[in-house]
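Working through the structure, step by step
One letter stands for each residue in the lines below.
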Amino acid sequence: MWRRYWHKLTINRKFTLFFGLLLMLVILVALTGFFALMTVQRQTEATIVTSMEFQRLVLEMDGHLQRGRASEKDFFRQWSVLGYAIAENKYLSVYQSEIETVNDINTHLQSLVLDPSISPGLQVSHLKLAEYERWVGLYRARVDSAVETAAKLDGGGSSILQQLEQEMLILQLLFKDTDSLELAQLLLSSKLAIQQFQLDHQPEHIQQVFKLTHQLQSGINLTTYLNSDQRIQRIQAEHLLTSYESNARELLGLDLALQKKIDSFDQFPPLLDVIADQLTTLATRQVSQARQDITLTRYFASALLGGAVLVAVIFVVGIAVILNQSITHKIVKLTDVAMSFRQGNLSARAVVDSEDELGQLALSLNALATRIRFLVGHLEQQVDTAEARMAQAIDTISEGLVLYDAADRLVLCNRQYLDMQAPISDLLSPGTTLETILQSMVARQAYLETTLSPEAWLQEQLAQYRAPHGLFEQQLASGRWVQVSVSQTQDGGRCALWTDITARKQSETELRQLFASEQRQRHMAESLQQVAVVLGTSLDLNTVLTMILEQLRRVIEYDSAGIMLQQQDRLLVVGGVGFPTEIIGLAISLDTVTPSTRVFHQRQPIIISNVQLEPGWVQTDHMAHLRGWLGIPLLAGDAPIGVLTIDSTKVGAYHPHDAQVGQAFAHQAAIAIQNARLFEELQLAKEQADAANEAKGAFLANVSHELRTPLTSVLGFAKIIKKRLEERIFPQLPESDTKTQRVKQQVSDNLTIIITEGERLTHLINDVLDLAKIEAGHLENTFELLAINQVIEQSVAATASLFAKHQLIKKIEPDLPLVRGDHAHLVQVVINLLSNAVKFTPQGQVICQVKYHQPHIMVSVIDTGIGLAPADQKTIFEKFKQVGNTLTDKPQGTGLGLTICKQIIEQHGGKIWVESELGQGSNFSFTLPIFEALPLS
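Definitions and cut-offs
Sequence order as written defines the numbering, with residues in each chain counted from 1. Since the coordinates come from a predicted model, pLDDT governs what is reported: local features require at least 70, and pairs of side-chain atoms require 80 or more to be given and counted, while whole-chain, interface and lining totals use all residues. Hydrogen atoms and water are omitted, and side-chain values are computed over all heavy atoms in the structure. Secondary structure elements are defined from DSSP: runs of H or I of at least 4 residues count as helices, runs of E of at least 2 residues count as strands, and each element is numbered from the N terminus. Using a 1.4 Å probe on the protein chains alone, a residue whose accessible area is under 20% of its type maximum counts as buried, one over 50% counts as exposed, and one in between counts as partly exposed. Should any heavy atoms of two residues lie within 4.5 Å, those residues are counted as being in contact. Surface exposure here means Shrake-Rupley accessible area, sampled with a 1.4 Å probe, where a residue is shielded only by the protein chains that are shown. Among the buried residues, those of types Ala, Val, Leu, Ile, Met, Phe, Trp, Tyr and Cys that are joined through side-chain atoms within 4.5 Å form a nonpolar core. In short, DSSP must find at least two bridges between two strands for them to pair. Any residue with an atom within 4 Å of a point lines the site, the site being either a cavity, points on a 1 Å grid over the protein atoms alone where a 1.4 Å probe fits but cannot get out, or a pocket, an open set with protein on both sides within 12 Å along at least 5 of 7 lines. Grid points are joined across faces, edges and corners, and a volume is the space filled by probe spheres set on the points. Polarity classes work like this: nonpolar for Ala, Val, Leu, Ile, Met, Phe, Trp, Tyr, Cys and Pro, charged for Asp, Glu, Lys and Arg, and polar for all others, with Gly in that last group. Lines fitted to the C-alpha atoms define the axes, with helices restricted to the stretch that makes contact. Angles between their N-to-C directions range from 0 to 180 degrees. Each crossing gets its hand from how the near helix is turned against the far one by less than a right angle, where anticlockwise is left-handed and clockwise is right-handed. By convention, a stacked pair of Phe, Tyr or Trp rings (six-membered ring in the case of Trp) has centres within 6.5 Å and planes under 30 degrees apart, an edge-to-face pair has planes over 60 apart, and any other such pair is tilted. Only Lys NZ and Arg CZ are tested; either one counts as a charge over a ring when it is within 6 Å of the ring centre and within 35 degrees of the ring normal. In what follows, salt bridge is the name for a side-chain nitrogen of Lys or Arg lying within 4 Å of a carboxyl oxygen of Asp or Glu. Patches draw on residues past 30% relative accessible area with no salt bridge. Two like charges within 9 Å are joined, as are two nonpolar side chains (Val, Leu, Ile, Met, Phe, Trp, Tyr) within 5 Å. When describing relative orientation, an angle under 35 degrees is termed roughly parallel and one over 145 degrees roughly antiparallel, while 65 to 115 degrees is termed roughly perpendicular and anything else oblique. Values of pLDDT, which run from 0 to 100, indicate the predictor's confidence residue by residue. Within this analysis, the arc is defined by the directions that extend from the helix axis to the C-beta atoms.

1. Concerning the overall build of the chain
Check the secondary structure of the chain and you find 23 helices and 18 strands. Evaluated residue by residue, the chain yields a buried proportion of 37% over its 937 residues. Put simply, of all contacts in the chain between residues at least 6 apart along the chain, 63% involve residues at least 24 apart. Carbon and sulfur atoms provide 56% of the accessible area of the chain, an area that totals close to 54000 Å².

In structure tokens:
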């Protein structure tokens, strides 16, 4: 309904209606905003005034509290210096006045915030003000308590300090006539200590007073100037000192109590400061909130006015839009439709929404467009059919097809060509020039980089298209290979056919790589075989290393190669191929950062494309032409021992597969180095061992000669002396003389000990010499056919004196075969085993048993003694090993007896062993091959 009425209105009436409504709206909004702003502003200003008054009072209250706090601190800081009375008048009265003022202001604030007209934000501060008042009361009570304690200390009259001064004055009067400087000095020191305590309140001064009081007491007791008439003064002085010490102790206690009280109320001011800050913050927040309210009100009024203006603008815009749609927009649309017709868009239509002249014009244009479109549509249908057939034909081609006109502009291309040029497919639209397409390929890296620069590649491609002379191949960035065939059309254009040859190229590459890999593996296998042969036939380090480097050249091309070995804290060049001999011996510190030291520390191969650009490269004259470099660590297990370096004059000469091949040769080089070093160490150890054996043999020969000669004389003379004494001297001594008989017995016993120990020492020397001869291979055995029972009988007869307290049982099988051996040495073995059995069998029996076990004779010496622990059984045949605790048991030999027995038995082709349990006895057995079982040699 209203739209119909609107279309009937004239333009003038439409303008009048809209502008009248706009004016009424602006006036209404302005009046409403003005009255609202005035009301809110009056309320907010009242809140600001109240909040600022509240904030001022809080700050004033906090200021009075701070001044009172300062006066209180000054009082407790100065009362001991100025005196209690002066400090009280000067500071304490100020403190009390300020605290009273604080309470008055707090009371006023509480009455202020309880006013119903005040803002709700300030009303909540009532609790904070009450808490503030409570903390002020606690603070004041604690301060008053501390003031009372200070009054006791120095409040005049009967205060502790006054009593101490009076007692000190009386003591000084009592001792004013004394001639003792020490007492006078003690009194003065005590008085000064009290005064010093009064100044700094340090407990050590009171402790000094106690010490001085005891010294005064001792000094009074020792003073000799008092006569009998002055005893009353002495007693009075002692009472005064006792009272003085008691008052000093009370002074110390009151001072400590005062300090504790001061410390106890020091915590209240910070709490009051926090509450004051909270109250100030609350008032500030109220002021800020009020100001924000004013600002918001102003914003609201401004927004209201702005809204009115905006509505007016919207109304104006609406009027303009309506008028534009009613007249101007229709004319513009009719003009656009006419322009579309001129540009060939015959489907455009004018909108007919009125019955005026513009509506009639729109109907005429639409009828004309319908007629023209019918005629043009028939022609376009025929053209589209022809183009579709041609596009289908081109897309069916398996190769990529692209056509350029005479001006090198793209005419068309098929789907296969778009797939091959995927990175720039968005640019392949008709009209794009060939040069633009090639430049896009360079910019988007759509082709594989070659040795040519981008500009040179671009010019080469343009030349191949503009002057076609056959086929050419090209690799794209995607990895695909294409073969391009360019031909010229009759109108001067160019047609290019792109054929995908990726599969063929991959086959060719795989064949080349396979051939190269087989060649490299064959050369590497042959080279490693040659290296292994050298390692097995030579231990000369230089020969082996040179061979490894020469074989390495068969699989890795290089101009020079070298081997560096670690010597202490540096790398030393020990061999190489392709550089001057003066390089041998060149050393590089392991603390420096060079490619070689990096390889050594990292234990991984390092490849450098151009060493001349590498920081830390050690440059020499022969290395000036080097570029490519490969370093490989030499590892012995996981530990680095050196570096293998390979050099080339070409930049980028080496690749990771070269490093893998080089590691195999580095492993062989490390083995060669380790073998050579081990060989040198073994040679050195052998030389040292031979020298030690020769020195030991010479030493033992000299020692045996030097020991045996005097020992033989000592034993001979000792036996002669004993025999002469027993035959000539002892019978002449009177038997009735007990003392003489005792001396005779001692001399006889001592001579027996000398002979016994001398013979034992002779046996020890013989054992050491026998072992030395065995180890040096100089022990001579006289092998002969003998019966083992004769060896046993002679051994038993030689040890018969040892079995006076033990039972010896012989178990010898009859008809035992003969053995081939040295009679004396075998007797030595059996005697040693029997002696050990008796030695380690405190009570019981010893069994000597001989059995025949084809092809051996087995001799066993079995005892029921203390036995051997498992740990001792493993080491019993070692040199100098003795069973038992050598710290508590006196050794009975050198620990070489069983070692010698083992050597003798093994030289006879047998073996010796022990079977034992601790506390159950031991069984020492040895075997000897029978004569028939001995080899012909």
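Moving on from the model shown.
2. Focus on the nonpolar core
The biggest cluster of nonpolar side chains holds 37 residues, and the ones touching the most others in it are Ile788, Leu834, Ile857, Phe924 and Phe926. Contributing elements (two or more residues each) for this core: helix H20 (788-798), helix H21 (823-839), strand S15 (845-853), strand S16 (856-863), helix H23 (897-907), strand S17 (912-916) and strand S18 (922-929). For this core, the leading source of residues is H21, giving eight residues. Aside from chain neighbours lying at most four places away, what touches isoleucine 857 is Ile788, Leu816, Pro817, Val819, Val850, Lys851, Tyr852, Phe926, Thr927, Leu928 and Ile930. Residues Tyr91, Leu109, Val113 and Ile262 belong to the second largest nonpolar core, which totals 28 residues.

3. Section: the pairing of strand S6 (residues 560-567)
With six of its eight residues buried, S6 lies for the most part within the structure. Pairing analysis gives seven bridges linking S6 to strand S7 (residues 570-577), with the strands arranged antiparallel. Bridged to glutamine 566 within S7 is leucine 571. Between S6 and S7, which pair antiparallel and follow one another directly, the connecting turn spans two residues, one of which, glutamine 568, has a positive phi of 60 degrees.

4. As for empty space enclosed by the protein
All told, the structure shown has three cavities of 30 Å³ or more when counted by the stated rule. One number sums up the size of the largest cavity: a volume of about 250 Å³. Considering the residues around the largest cavity, the lining is formed by 20 residues, among which Met564, Ser596, Trp617, Met623 and Thr645 are closest to the centre. Ranked by residues supplied to the lining of the largest cavity, first place goes to S6 with four residues. When residues of the lining of the second largest cavity are assigned to their parent elements, the largest contribution, four residues, is made by helix H13 (residues 434-443). In the lining of the second largest cavity, the residues fall into eight nonpolar, three polar and no charged.

5. Digging into the packing of H21 against H23
Between H21 and H23, whose axes approach to 10 Å, the crossing angle comes to 145 degrees. Read as a crossing pair, H21 and H23 show a hand that is left-handed. Residues His825, Leu826, Gln828, Val829, Asn832, Leu833 and Asn836 of H21 pack against Gly897, Leu898, Ile900, Cys901, Ile904 and Ile905 of H23. Residues of the contact of H21 with H23, tallied by class, amount to eight nonpolar, five polar and no charged.

6. Observations concerning the side chain of glutamine 421
As for its position among the elements, glutamine 421 is in the loop between helix H12 (415-420) and H13. If we skip the residues at most four places from it in the chain, glutamine 421 touches Leu428, Met441 and Trp498.

7. Focus: unusual backbone geometry
For the peptide bond that leads from glutamine 854 to proline 855, omega is 5 degrees, which places it in the cis range. Considering the arrangement of structural elements, one finds proline 855 in the loop between S15 and S16. With phi around 60 degrees, arginine 603 is a residue other than glycine that occupies positive phi space. Topologically, arginine 603 is positioned in the loop between helix H17 (595-602) and strand S9 (606-608). Backbone geometry at aspartate 815 places phi at a positive 55 degrees, although glycine is not the residue there. Judged by its relative accessible area of 79%, aspartate 815 falls in the exposed class.

8. Things to note about the packing of aromatic side chains
Counted according to the given criterion, the structure contains four aromatic pairs. Ring geometry for tyrosine 465 and phenylalanine 472: centres 6.4 Å apart, planes at 75 degrees, overall edge-to-face. The class of tyrosine 465 is buried, set by a relative accessible area of 3%. Through a chain of ring-to-ring contacts, three or more aromatic side chains come together here, namely Tyr404, Tyr465 and Phe472. Lying over the aromatic face of tryptophan 913, lysine 911 brings its terminal NZ or CZ to 5.5 Å of the ring centre.

9. Focus: the pattern of salt bridges
One pass over the structure, following the stated rule, counts eight salt bridges. Between arginine 67 and glutamate 98 there is a salt bridge, with the nearest N and O atoms lying 3.7 Å from each other. Residue arginine 67 is found in helix H2 (residues 11-82), and its partner glutamate 98 is found in helix H3 (residues 84-113); the two are separated by 31 residues along the sequence. For arginine 67, a relative accessible area of 42% gives the class partly exposed. A residue is classified by how much of its surface remains accessible, and glutamate 98, at 13% relative accessible area, is buried. Between aspartate 405 and arginine 409 there is a salt bridge, and its shortest N-O distance comes to 3.1 Å.

10. A word on the sheet that holds S15
On the basis of which strands lie adjacent, the open sheet formed by five strands has the order S13-S15-S16-S18-S17 and mixed pairing. At either margin of the open sheet sits one strand with a lone partner, and together these are strand S13 (807-812) and S17. Between one strand axis and the next, the sheet turns by 15 degrees as a mean value, whatever way the strands run. By the bridge criterion, eight bridges tie S15 to S16 in an arrangement that is antiparallel. Looking at the pairing, tyrosine 852 lines up with isoleucine 857 of S16. Contacting S13, S15, S16 and S18, H21 crosses the sheet at an angle of about 170 degrees to S18. Packing of H23 onto the sheet brings it into contact with S17 and S18, and relative to S18 it is tilted by some 25 degrees.

11. Brief notes about a nonpolar patch on the surface
Taken together, the side chains of Leu23, Ile27, Leu31 and Phe35 define a hydrophobic patch exposed on the protein surface, amounting to about 430 Å² of accessible area. Assignment of secondary structure puts phenylalanine 35 in helix H2. The class for phenylalanine 35 is exposed, based on a relative accessible area of 55%.

12. Digging into the packing of H20 against H21
Across the interface, H20 lies against H21 with an axial gap of 9 Å and an inter-helix angle of 50 degrees. Classified by the angle between their axes, H20 and H21 sit oblique to one another. Where H20 crosses over H21, the handedness of that crossing is right-handed. Between H20 and H21, the contacting residues are Gln790, Val791, Ile792, Gln794, Ser795, Val796 and Ala798 on the first element and His823, Leu826, Val827, Val830, Ile831 and Leu834 on the second.

13. Notes on the pairing of strand S3 (residues 471-475)
With burial as the criterion, only one face of S3 is covered, namely that bearing Phe472 and Gln474; the residues Leu471, Glu473 and Gln475 on the opposite face remain uncovered. One ladder, built from five bridges, connects S3 with strand S4 (residues 481-488); its direction is antiparallel. Its bridge partner being in S4, phenylalanine 472 is matched across the sheet by valine 484. If you look at the hairpin formed by S3 and S4, you'll find five residues sitting between the two strands, and glycine 479 has a positive phi there, around 95 degrees.

14. Overview of the confidence of the model for the chain
Scored by pLDDT, the chain has a mean of 75; 66% of the residues are at 70 or more. Considering each helix and strand of the chain separately, the mean pLDDT is smallest for helix H1 (residues 2-8), with a value of 61, and largest for S16, with 94. Note that residues 224-228 has pLDDT below 50 and, in this model, five contacts with residues that lie over four places away or in other chains. In this model, residues 933-937 is a region of pLDDT below 50 whose contacts with residues beyond four sequence positions or in other chains number three contacts.

15. With respect to H20
Among all positions of H20, only Ile788, Val791, Ile792, Ser795 and Val796 are buried. Taken end-on, H20 shows its buried residues confined to a sector of 130 degrees, consistent with a single buried face. Tucked into the core, H20 has its buried residues touching strand S12 (784-786), S13, H21, S15, S16 and S18.

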